[in-house]
Amino acid sequence: EEPRIRASRLVLACLLPFVAGCGSGPEPAGPSSSPEKEPGGRTSIRVPKASASFPGSWTLEANEWSFQVENGTETSAIVREVTGQLLKGERVESKFRADSGEAHMATGRLVLEGRVRIVSVSDGIYLTAKKVTYDEKRALVVAEGGVLVQSDAWTSGPYDRLVATPGLERIGTADRFGL
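Please read all numbers here as calculations on a predicted model, not as lab measurements.

### Quick notes on the nonpolar core
Formed by 31 residues in total, the largest nonpolar core has its most connected members in Leu60 and Val132. Contributions of two or more residues to this core are made by strand S4 (58-70), strand S5 (73-88), strand S6 (91-104), strand S7 (110-120), strand S8 (126-135), strand S9 (140-150) and strand S10 (155-164). Looking at this core element by element, the count peaks at 6 residues for S4. With 5 residues, the next largest nonpolar core counts Leu140, Val142, Ala174 and Phe177 among its residues.

Dropping the structure here:
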């Protein structure tokens, strides 16, 4: 399933050749820098304030984007000041925020870093960590580094590493999830 990249408006027509074939392409809200060539044939495109989604898995918004493009197709995006949602189909399971992240467009893998906080929409339980990886294929969240699980009434942790479902209804060690 192709990810769909959406945002408020398209500023530079020169971005289209670089993002053709991957959803509707980024549409920056303000001026964008020119594409930058990187070693290995990759191109980096910087886009301010945009949003993206991987259907049925996650949505995210960030204040700063840097897209990695290979052979005219987006492969990943580095984001700063990120917020978003983890989904189960169309249903929002949890909301998150982080200082930075990386979204892998082809696989749906999402890596969040720096003061990551995920909040369950069903019961308000929240998980905080230094790093969280969302594995779209397994629909699991892997949290690492000073992991805390909290509600209004209790706190558990810190843990080095925990695994959870997107809505935080199941949280435990990796062995409990067969990892």
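### Digging into the packing of aromatic side chains
If you walk through the whole model with that rule in mind, you get 0 aromatic pairs. One cation-aromatic arrangement involves arginine 117 over tyrosine 126; the distance from NZ or CZ to the ring centre is 3.8 Å.

### A look at the pattern of salt bridges
Enumeration according to the criterion identifies 3 salt bridges in this entry. Across the pair glutamate 144 and arginine 161 runs a salt bridge, and its minimum N-O distance is 3.9 Å. Placement of the pair is glutamate 144 in strand S9 and arginine 161 in strand S10, with a sequence separation of 17 residues.

### Some remarks on the pairing of S8
Counting buried positions along S8 gives 7 out of 10 residues, so the element sits mostly inside the fold. The pairing of S7 with S8 spans 8 bridges and is classified as antiparallel. Across the sheet, the residue bridging to valine 111 is threonine 133, located in S8. In this antiparallel pair of consecutive strands, S7 and S8, the connection spans 5 residues, and glycine 124 shows a positive phi of 75°. Strand direction decides the pairing type here: S8 and S9, joined by 8 bridges, are antiparallel. Residue pairing for S9: threonine 128 is matched across the bridge by leucine 148.

### A look at unusual backbone geometry
Residues other than glycine predominantly adopt negative phi, and peptide bonds predominantly adopt the trans conformation. Note that the residue after glycine 157, namely proline 158, is joined by a cis bond; omega there is 15°. Its location among the elements puts proline 158 in strand S10. Despite not being glycine, arginine 115 shows a phi value in the positive range, around 50°. With respect to the secondary-structure elements, arginine 115 resides in strand S7. Backbone geometry places leucine 168, a non-glycine residue, at a positive phi of 60°. Relative to the helices and strands, leucine 168 is located in the loop between S10 and strand S11 (171-172).

### Remarks on the environment of threonine 107
Structurally, the position occupied by threonine 107 is in the loop between S6 and S7. When its relative accessible area of 37% is taken as the criterion, threonine 107 is described as partly exposed. Separated by 31 residues in the primary sequence, threonine 107 and serine 76 place their C-alpha atoms 9.4 Å from one another. The residues touching threonine 107, leaving out its near neighbours within four places in the chain, are Phe54 and Glu136. Here arginine 109 takes part through its backbone nitrogen, which lies 3.2 Å from a polar atom of the side chain of threonine 107.

### Topic: the confidence of the model for the chain
This prediction gives the chain a mean pLDDT of 75; 70% of its residues lie at or above 70. Ranking the elements of the chain by mean pLDDT puts helix H1 (residues 16-19) last, at 28, and S9 first, at 97. A low-confidence stretch, residues 1-44 stays under pLDDT 50, and its non-local contacts, those more than four residues away or across chains, total 111 contacts.

### Some remarks on the pairing of S10
As paired strands, S9 and S10 are joined by 7 bridges and run antiparallel to one another. Each residue of the ladder has a partner; that of valine 149, found in S10, is serine 156. Here S9 hands over to S10 after 4 residues, the two strands then running antiparallel side by side. Both S10 and S11 contribute to a ladder of 2 bridges, which runs antiparallel. Looking at S11, one finds that valine 163 is bridged to glycine 172. If you look at the hairpin formed by S10 and S11, you'll find 6 residues sitting between the two strands, and leucine 168 has a positive phi there, around 60°.

Thresholds applied
Residues numbered from 1 in each chain as written. Predicted model: local features only at pLDDT ≥ 70, side-chain atom pairs only at ≥ 80, totals over all residues. Heavy atoms only, no water. Core = buried A, V, L, I, M, F, W, Y, C linked by side-chain atoms within 4.5 Å. Buried < 20%, exposed > 50% of the residue type's maximum accessible area, 1.4 Å probe, protein only. Helix = DSSP H or I, 4+ residues; strand = E, 2+ residues; numbered from the N terminus. Phe/Tyr/Trp six-rings, centres within 6.5 Å; stacked < 30°, edge-to-face > 60°. Lys NZ or Arg CZ within 6 Å of the ring centre and 35° of its normal. Salt bridge = Lys/Arg side-chain N within 4 Å of Asp/Glu carboxyl O. Pairing = 2+ DSSP bridges. Contact = heavy atoms within 4.5 Å. Polar contact = N/O pair within 3.5 Å; in protein donor to acceptor, adjacent residues only side chain to side chain. pLDDT = per-residue confidence, 0-100.

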